[in-house]
Each structure stands twice: as structure tokens, then as C-alpha cells.
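Here are the chains, one letter per residue:
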Amino acid sequence: MAETLEFNDIYQEVKGSMSDGRLRLSRQGIIFKNSKTGKVDNIQAGELTEGIWCRVALGHGLKLLTKNGHVYKYDGFRVEFEKLSNFFKTHYRLELMEKDLCVKGWNWGTVKFGGQLLSFNIGDQPVFEIPLSNVSQCTTGKNEVTLEFHQNDDAEVSLMEVRFCVPPIQENGVDPVEAFAQNVLSKADVIQATGDAICIFRELQCLTPCGRYDIRIYPTFLHLHGKTFDYKIPYTTVLHLFLLLHKDQRQMFFVISLDPPVKQGQTRYHFLILLFSKDEDISLTLNMNEEEVEKRFEGRLTKNMSGSLYEMVSQVMKALVNRKITVPGNFQGHSGAQCITCSYKASSGLLYPLEWGFIYVHKPPVHIHFDEISFVNFARGTTTTRSFDFEIETKQGTQYTFSSIEREEYGKLFDFVSAKKLNIKNGLKEGMNPSYDEYADSDEDQHDAYLERMKEEGKIREENANDSSDDSGEETDESFNPGEEEEDVAEEFDSNASASSSSNEGDSDRDEKKRKQLKRAKMAKDRKSCKKPMEMKKGKDPNAPKRPMSAYMLWLNASREKIKSDHPGISITDLSKKAGEIWKGMSKEKKEEWDRKAEDARREYEKAMKEYEGGRGESSKRDKSKKKKKVKVKMEKKSTPSRGSSSKSSSRQLSESFKSKEFVSSDESSSGENKSKKKRRRSEDSEEEELASTPPSSEDSASGSDE
């Protein structure tokens, strides 16, 4: 026979709602752990008085009754009656009885009170049962009794009230209606003040619900009395107590976790959060005599106490609720505090890593047990690199994102999560002691399709600008070269100057004037050579190779039609978002395939770019060589002066050369006009040569022979 039995996916009926969890049976007793709240029901083997097996909604159910009258119902069993029956006989010495519910549908019968259970029976078979601990109010009428129930927020359909019609038949002078009501009230969880409060704390600051309240401590419930609202909280609804030190080291949070929560209209308060100053002291006297205090609290409280206000409240609550107070564990942040400043939803607060979970205060408060966590994730900050986000996803699929955590807290929080052996989604391994910088460089899981597209467009614009600046420089050299035109002008000027000097050697005044004119022409040439060449902007060559696409863009072009077919009518923006999500969830093996394609495309682009640049260099060299040949032809044509030209023609040529110089310096951009004026000048020179070819006079011929 097995020592223990374990059943997963077992449901416990709690105030009309089915809460899933795990049931474990051992020699010592029965333990049920709620998967959502983490609450544990521990039933000792010696307390069990009865076990009943019956058919229920989800299959078969197990009902357990204890000596103190508590009833526990578990649902979701398959055909395990034989196994459970043998286990009960062997270890608990109880007979597991098999009972069926009555399904006749009659609405009259008998009521049986057993412990904290009201059973409505028809004959010997029960029709339904009501745990009296779920009853919040009981009122009587002429011949009826009305029961109202505590509500459970998790229940889709809630039972508000049940009315029992009691025939007015008196037995032994007892009113059956009043007897019925008294039996209900004796076991019901009805919140009613009986006697004076044990103690009262005045004007305590409460964060949720917000305001200042007088807290009155009664034996069975807690009463919050404010200016607008009153709240009565039974101690049976308290799940956990927390005492947390604020980051400023001057204040304390006292947190009370409640299930079910207190309600105000449609608002639910699952946590009661009190804020205290550490320096505030109080002297407290309990409204009980010393014998009653000793008997009830067994030394945990005394009649007269003094100390810090938060210590007094926490001690009284611990003694009355009979639960431990949870405090932060060994975690210590970058600033030395036991918490981390962060934001959750729209508000800033403090996240406390505890020994068995996380708690966030205060708006809204969140408590997450480690057993509920599926994985955690460290994500980049959305607005700045000086912070990061801490994400927690539970096994139920709920995600909590704590954002704007300081960068310096990363190492401390990562070490804490690793020590607790929580699953880290983004793949950082245990014990590697990472730094935030190392993590910040790895964004494989954080793919942004829009960001990738902007980067690609930026690269293309930058390269286009570089290409256009290079091309425009080459175009400027080819289409506008002031040096070559100046060279032509200088050669023409020199040829005319040589002709004039050969015919006027004896005239010193004319030579002096000529030297001054040459000096001025040289100075004008130097000034013009200092001018910067005009830059001509040119568009990108259409024959230039196109830049290669990234791995993501290659994949997107190949997958765009498939995404459209899978999501008919999707917009361009939604398509980009959807593609980014698909790429983000793609495995590394598939991404490597597209990385290889992108690498091949890049190599082909580099090869094509080299061929393109080589061909463009050769063509520019050919164009420059043609220009130089053209200049050389001009030099040969202009360098031979006409023999025997007269002084008149030489002086005229000198004046024409000065005109040519002035023309070039005043109008540099019109190359067509330069050519036409040069043509006119050549025609005038040819006329003078014809005049010079006529037979000279005797004096001229004599002088010519002398020369």
C-alpha cells in the first residue's frame, strides 16, 4: 500500500467558485494547496470524522467532515473510489461512504444541522448542503428565514440568498422560526459587534483604501471606521501579513492580504495597506483583564504595552489572526535598501523580493508567489538605456511588467532570481554574473521591424550622398576647368607678345608699357586661379549597383504574400508589426539561413561595385586625355607668328590680346562666346597678313635688307 496519494487538477468549492489545486494524502493527514492564492488547507488525520464519496458536476467528489464541524469539498476525481477507500481504511481507520444526491426536484423536505453544515434532505438523501461559514446575514419573518451569503469575485454566478419557509408548528413552546435562525447564527460567519473592542488605534494613515481610519480590534473581526466609509474585515479572510521597510528608512508599510476582498460599490480591495512613521510611539492598554489576556493570547500579548506604533499594530494583528508576519529576506539593492524603485502600470512604487515571492506596493498592490511564476524576463527600457524592465509571467498567463528600474539594480536582481532558480526567458545562464552592458548589446529577442527599416533607409541615403559628391566632383573636372581656358588665353597672349616685341625692339616707352600690361595680366591670372571651382551636383548614376538588403528584408520580401494570405485585409502598418512578431519568434536556425543569403548578396554587391568603379575610372581618363590633345593642337596653331608683319599689325595684335584677357576675366562661364570672339580675331589677323604681303616701298625694303 502506498504511503502517499497525490492528485493534480483537483478543484475545491469555495463560496460558489471552483479553485484548482493539488491534493496530497499521507499518514499524517490531507493537504490541499490552492494554485491561485497559494493557500494551504491542512487536515490532521486525527481530526477526520467522516468521508463521503458522491457524484458531482465534474465527475466524482470527496467530502470531508472534521471534529470541529468544518466541511471540505473536493471535486474532479475520476474512478479512484477503490484506491481512496483502501487508503482511508488503512491510514485513517474510516469507512469511505458512497452517497448519491437526491434528484427528484422536490422543494419540501427536512433540514439537518451537523457541525457547520446545513443539509436539506428528502428522505435519507441530501438535495443540497450549505456551509454556514458562508452565511453573512440571517433574518427572520413571520414564517420564513432568509440567509444571505458572502460573495466570491471569482465566481461567474453567485448565490445571493436562500429563503426557507418554516411551518408555524410549535414544539415545547419553542418557535421553530427562531430556533432555525439561532442554529444558523451559532455557526454563521456574521459580522456583528459583540461587546467592546479589545483596543482602538486612532487616525491611522491608510493607503488602500485611501484615507485616515480609526481601527477597532474586535475578537473576530477588524473594523475600519472612516469619515465616509466603514469596513468590517473578518479575521478568517486574512491570508498574509507583511511588514516592509520603506526605501527612505523612515517609514514602514504594514500590508494585510485579504480573500475575499473588502468592497465599496464596484471597487474591490484585496490588500489593506497602512503607512507608519518609525519614530511614532504609543502606549497601549487592552480592554481585557490580565487573566483573559493570558488565557486567550498565551503570552503573545500583555495588558499594557508600549513601543513603536507599527510594532503594536503588527503584534496585535499577529496574535488575533494567528498568522506569521512576512518581512523582506536577504535581498539588498544597489542603494542598500531591501526593495527596488520601479513603475507598474501608471504609478511608481516599490518592489520587494521576498523569500517566497514578490510584493509590489502600492498602487495597485501585487503579490506573486514563486510557485505561480512560469518565467521572468529582463527587457530593455522603452525610453532610455539607463533603465530596464522586469517582466513576470504566471502559469495562468497573467503578465506583470515592472518598468523604469535603475540600471545599477540589474546585477542584484539577476543574482536573486538565479539563486531562487526561476526560469529566465531571455537565456542568460546561471552563474555567469552578467553586467548590464553585456545584456544591453544582445537584442535578438527584441526585434523592431520599423527600426530596421529606418536603419536601412539611413544607410541608403548616406551612400547616395557620398556617391553624388564623388560624381559631382568628376563632373566638375570634366565640364568646367578654368585652368585649361586660362592656359589657352595665356598661350595666345604670349604669341602676340612675342610678335610685338620682335617688331618694336627700339621703342623703350612701348616696351615699358608692355611690361606693365603683362604684369597686370599675370596678377589677374593669379587671382582667377585662386577661385574655387564651381561644384556641379549630379544625381546618382542609374547604372551603379544597388545596395544589398538585410536578412530581415530578404525574409520579408519572400514572406509578404504569405502573411497577406493568412491575414486577409491586413494594413501595411499591421503587416509590418505582424512580420516583426514572426521574425522575433523565429528560431536561430531559420534566421541563420537568411543571414547567409544576406552575406552572399553583400559579396555580390562588393564585386559589382569594384567592376563599376574600375570602368568609371577608365572612362574619366579617356575624357581627360582628349582635352589635353585639344589644347596641344591650339598651341601648334597659335605659336607661329606671321613673318614680316608690320608694327601696326603687331600693336593691333597686342591690343587684341589685352581684349582677350579682359574678355576671359569678365565672362568665364560662356565658352561659346569665347570661341566666336577668337574666330573674329583670327579673321582680322588674316586681313592684316594680306596687307602685309603687298610689295613694300624702297625705304621699307632697304630697312628690311639691313635687318
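Predicted model only: the values in this text are computed from it and were never measured.

A. Representation of the nonpolar core within the structure. Counting 40 residues, the largest nonpolar core has Phe-201, Ile-217, Leu-222 and Met-317 as the members making the most contacts within it. In terms of residue count, helix 4 (residues 309-321) provides more of this core than any other element does, 9 residues in total. Among all residues touching Phe-201, those that are not within four sequence positions of it are Tyr-213, Asp-214, Ile-215, Ile-217, Ile-282, Leu-284, Leu-309, Met-312, Val-313 and Val-316.

B. Local environment of a negative patch on the surface. Together, Asp-279, Glu-280, Asp-281 and Glu-311 make up a region of like negative charge exposed at the surface. Looking at the element boundaries, Asp-279 is found in the loop between strand 21 (267-277) and strand 22 (281-285). Of the residues examined, Asp-279 reaches a relative accessible area of 65% and is grouped as exposed.

C. Structural detail: the packing of helix 10 (residues 551-566) against helix 11 (residues 572-584). Remark: helix 10 packs on helix 11, axes separated minimally by 10 Å, with the N-to-C direction vectors making an angle of 115°. Here helix 10 runs over helix 11; the crossing is right-handed. Each of Ala-551, Tyr-552, Trp-555, Leu-556, Arg-560, Ile-563 and Lys-564 in helix 10 lies in contact with helix 11, whose residues at this interface are Leu-575, Ser-576, Lys-578, Ala-579, Gly-580, Ile-582 and Trp-583. Considered class by class, the residues forming the contact of helix 10 with helix 11 number 9 nonpolar, 2 polar and 3 charged.

D. Local environment of helix 1 (residues 81-92). Counted at 1.5 Å a residue, the expected span for helix 1 with its 12 residues is 16 Å, and the 15 Å between its end C-alpha atoms agrees. Those residues of helix 1 that fall on the buried side of the exposure criterion are Phe-81, Leu-84, Ser-85, Phe-87, Phe-88, His-91 and Tyr-92. Buried positions in helix 1, seen along its axis, are confined to an arc of 165° and lie on one side of it. Positive backbone phi, approximately 55°, marks Arg-93, located one or two places after helix 1.

E. Region of interest: the pairing of strand 31 (residues 399-406). Examined bridge by bridge, strand 25 (residues 340-344) and strand 31 share 2 bridges and lie antiparallel to one another. Pairing of Tyr-344 across the sheet is with Phe-402, part of strand 31. Counting the residues between successive antiparallel strands, the hairpin from strand 30 (residues 387-394) to strand 31 contains 4 residues, one of them, Gly-397, with a positive phi of roughly 95°.

Analysis parameters
Residues numbered from 1 in each chain as written. Predicted model: local features only at pLDDT ≥ 70, side-chain atom pairs only at ≥ 80, totals over all residues. Heavy atoms only, no water. Core = buried A, V, L, I, M, F, W, Y, C linked by side-chain atoms within 4.5 Å. Buried < 20%, exposed > 50% of the residue type's maximum accessible area, 1.4 Å probe, protein only. Helix = DSSP H or I, 4+ residues; strand = E, 2+ residues; numbered from the N terminus. Contact = heavy atoms within 4.5 Å. Patch = residues over 30% accessible without salt bridge, like charges linked within 9 Å, V, L, I, M, F, W, Y side chains within 5 Å. Areas by Shrake-Rupley, 256 points an atom, 1.4 Å probe, with all protein chains shown as cover. Salt bridge = Lys/Arg side-chain N within 4 Å of Asp/Glu carboxyl O. Lys, Arg positive; Asp, Glu negative; His and termini not counted. Charge placed at Lys NZ, Arg CZ, Asp CG, Glu CD. Axes fitted to C-alpha atoms, helices over the stretch in contact; angles between N-to-C directions. Left-handed = near helix turned anticlockwise from the far one by under 90°. Nonpolar A, V, L, I, M, F, W, Y, C, P; charged D, E, K, R; others polar. Expected span 1.5 Å × (residues − 1). Arc of directions from axis to C-beta. Pairing = 2+ DSSP bridges.

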